[in-house]
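Here is how the chains run, residue by residue.
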Amino acid sequence: MAPAITLAAETELSAANTGFMLICTALVMLMTPALAFFYGGMVRVKSTLNMLMMSFISLGIVTVLWVLYGFSLAFGTDSGSLIGWNSDWVGLGGIGLTELWDGYTVPVFVFCAFQLMFAILTPALISGALADRVKFTAWALFVALWATVVYFPVAHWVWGAGGWAFELGVIDFAGGTAVHINAGAAALGVILVIGRRIGFKKDPMRPHSLPLVMLGAGLLWFGWFGFNAGSWLGNDDGVGALMFVNTQVATGAAMLAWLAYEKIRHGAFTTLGAASGAVAGLVAITPAGGAVSPLGAIAVGAVAGLLCAMAVGLKYKLNYDDSLDVIGVHLVGGIAGSLLVGLFATGKGQSDVAGLFYGGGLEQFWKQCAGVFAVLAYSLAVSALLAFVLDKTIGMRVSEDDEVAGIDQAEHAETAYDFSGAGGGAARTTAAPAPVAAPAENKKVDA
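Not measured: the values here are computed from a predicted model. (Residues numbered from 1 in each chain as written. Predicted model: local features only at pLDDT ≥ 70, side-chain atom pairs only at ≥ 80, totals over all residues. Heavy atoms only, no water.)

Chemist: Quick rundown of the packing of helix α4 (residues 136-159) against helix α6 (residues 176-194)? Include the residues and the values.
Modeler: Packing of α4 against α6 brings their axes to within 10 Å, and their N-to-C directions diverge by 140°. For α4 against α6, the interelement crossing comes out right-handed. Counted together, F142, W146, V150, Y151, V154, V158 and W159 of α4 and T177, A178, V179, N182, A186 and V190 of α6 form the full contact between these two elements. In terms of residue class, the contact of α4 with α6 is made up of 11 nonpolar, 2 polar and no charged. (Axes fitted to C-alpha atoms, helices over the stretch in contact; angles between N-to-C directions. Helix = DSSP H or I, 4+ residues; strand = E, 2+ residues; numbered from the N terminus. Left-handed = near helix turned anticlockwise from the far one by under 90°. Contact = heavy atoms within 4.5 Å. Nonpolar A, V, L, I, M, F, W, Y, C, P; charged D, E, K, R; others polar.)

In structure tokens:
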């Protein structure tokens, strides 16, 4: 994320950079509905709408919280290297229309809106691990609490001026720690509290719509260019363009690596594997893409694709129910991409910091480790605590009957697909013909 890198101060608003950032902001907003489609296709029919809504509700909740206090907590004046605050930003008051983000050529409002889309997407990522079994009211409350006590502080650590990871020099261009490791660790914390789905490892729980999964993955890939390239807040020096190229390169490499593993391990190239591999590559290049070369991006993507493909099966061995592989893809992919910065950073991208393979030694690698494992531990512990409190008060899970029958009907009074008119032609209006009697020679004759 650009705030972690100091550029020369500018005093004049750039219409080009501002327009570019508004487009990138819209692309990142698209990623949350794209994620809803991606996850929605991966669940069974009876959970489709609930999965879509678990992403969409974040658009409402986090937007309001961000305006009220989230932006101030994440990017306000530092306090103790842990949190920010700026009373002028409460309700986004006190911000001038042409007031520029410090050191950049885009307005504060543009930076605020861009960061809002990251804040919306991150809790939505968690939802994939909890498919089929969480009360919608409990989930909505969890999103509000988690954004407040986990996401906003962690965003300040990593990207806010004065945050401890910022000051340490942890490189996270667009969210390997603050978004993906944060969400993956949170998913693990929550599922350890709420437990496994009914029928886990016994009943088939296959995706109900792989075309929907592929559509979601394609839209995520598209939106990710705004997510990554936009994080430089402009492109006056070409770093955003490097990130754009590396995003494409790493994603392609990760998809190929996942499919190769899948073919060797399971004997087939699956569409779900292609989609999951692409997302793994997008996750891994997110922290690293401004620091590595395109060849380095191939390495980052290939390593992440392979590791994530291997990791998704751990839930069956370790007996935790990560419904849609949030831990296997986002946590593992985020860790891989963040740590590989310490190996593949060239010193010719977003900064002059070089990794081990480019003569920089292991100093940056250890800094990356500090950021990765601090965020992982904090998010895991606090998320588990939030889930525990909610479970003991209002209850996190739907009833067993509702889970078996389908959470869509129980929580939303709707179903994703209406098959009531799919029975064929018009109703029969005449009586069916009487059955034809069997031929006499075939009838048994009594003696």
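The discussion continues.
Chemist: Pulling in residues and values, what's your account of the side chain of S47?
Modeler: Note on placement: S47 falls in the loop between α1 (15-42) and α2 (48-75). Judged by relative accessible area, S47 falls into the buried class, the value being 1%. Discounting residues that sit within four places of it in the chain, S47 has contacts with D132, I407 and D408. (Buried < 20%, exposed > 50% of the residue type's maximum accessible area, 1.4 Å probe, protein only.)

Chemist: So what's going on with the packing of aromatic side chains? Which residues, and what values?
Modeler: Tallied over the full model, the rule gives 26 aromatic pairs. Here F71 and W101 contribute two aromatic rings whose centre-to-centre distance is 6.2 Å and whose plane-to-plane angle is 45°, an arrangement assigned as tilted. Here F71, found in helix α2, pairs with W101, found in the loop between β2 (83-85) and α3 (108-126); they are 30 residues apart in sequence, far enough to count as distant. Feature note: the residues W66, Y69, F71, F75, W89, W101, F111, Y151 and F152 constitute an aromatic cluster, connected by ring pairs. (Phe/Tyr/Trp six-rings, centres within 6.5 Å; stacked < 30°, edge-to-face > 60°.)

Chemist: An account of unusual backbone geometry is requested, with residue identities and associated values reported.
Modeler: A negative phi angle is the norm for most residues apart from glycine, just as the trans form is the norm for most peptide bonds. Located in the positive-phi region is N319, a residue other than glycine, with phi close to 65°. Along the chain, N319 turns up in the loop between α11 (314-318) and α12 (326-344). What makes N319 partly exposed here is its relative accessible area of 30%.

Chemist: Provide a residue-level description of the nonpolar core, including the pertinent values.
Modeler: F71 and L130 are the most contacted members of the largest nonpolar core, which totals 131 residues. The biggest single contributor to this core is α4, with 17 residues. With near-sequence residues (within four places) excluded, L130 lies in contact with M54, W139, V190, I191, I194 and S323. (Core = buried A, V, L, I, M, F, W, Y, C linked by side-chain atoms within 4.5 Å.)

Chemist: Residues and numbers for the pattern of salt bridges, please.
Modeler: Enumeration over the complete set of coordinates arrives at 7 salt bridges. The closest approach of N and O atoms between D132 and R197, which form a salt bridge, is 3.2 Å. Of this pair, D132 sits in the loop between α3 and α4 while R197 sits in the loop between α6 and α7 (210-229), placing them 65 residues apart in sequence. For the residue pair D132 and R197, the accessibility class agrees, reading buried in each case. In this structure, E363 engages K367 in a salt bridge whose closest nitrogen and oxygen atoms are separated by 3.6 Å. Remark: K367 and E363 occur in helix α13 (residues 363-393); sequence separation between them is 4 residues, near one turn of the helix. (Salt bridge = Lys/Arg side-chain N within 4 Å of Asp/Glu carboxyl O.)

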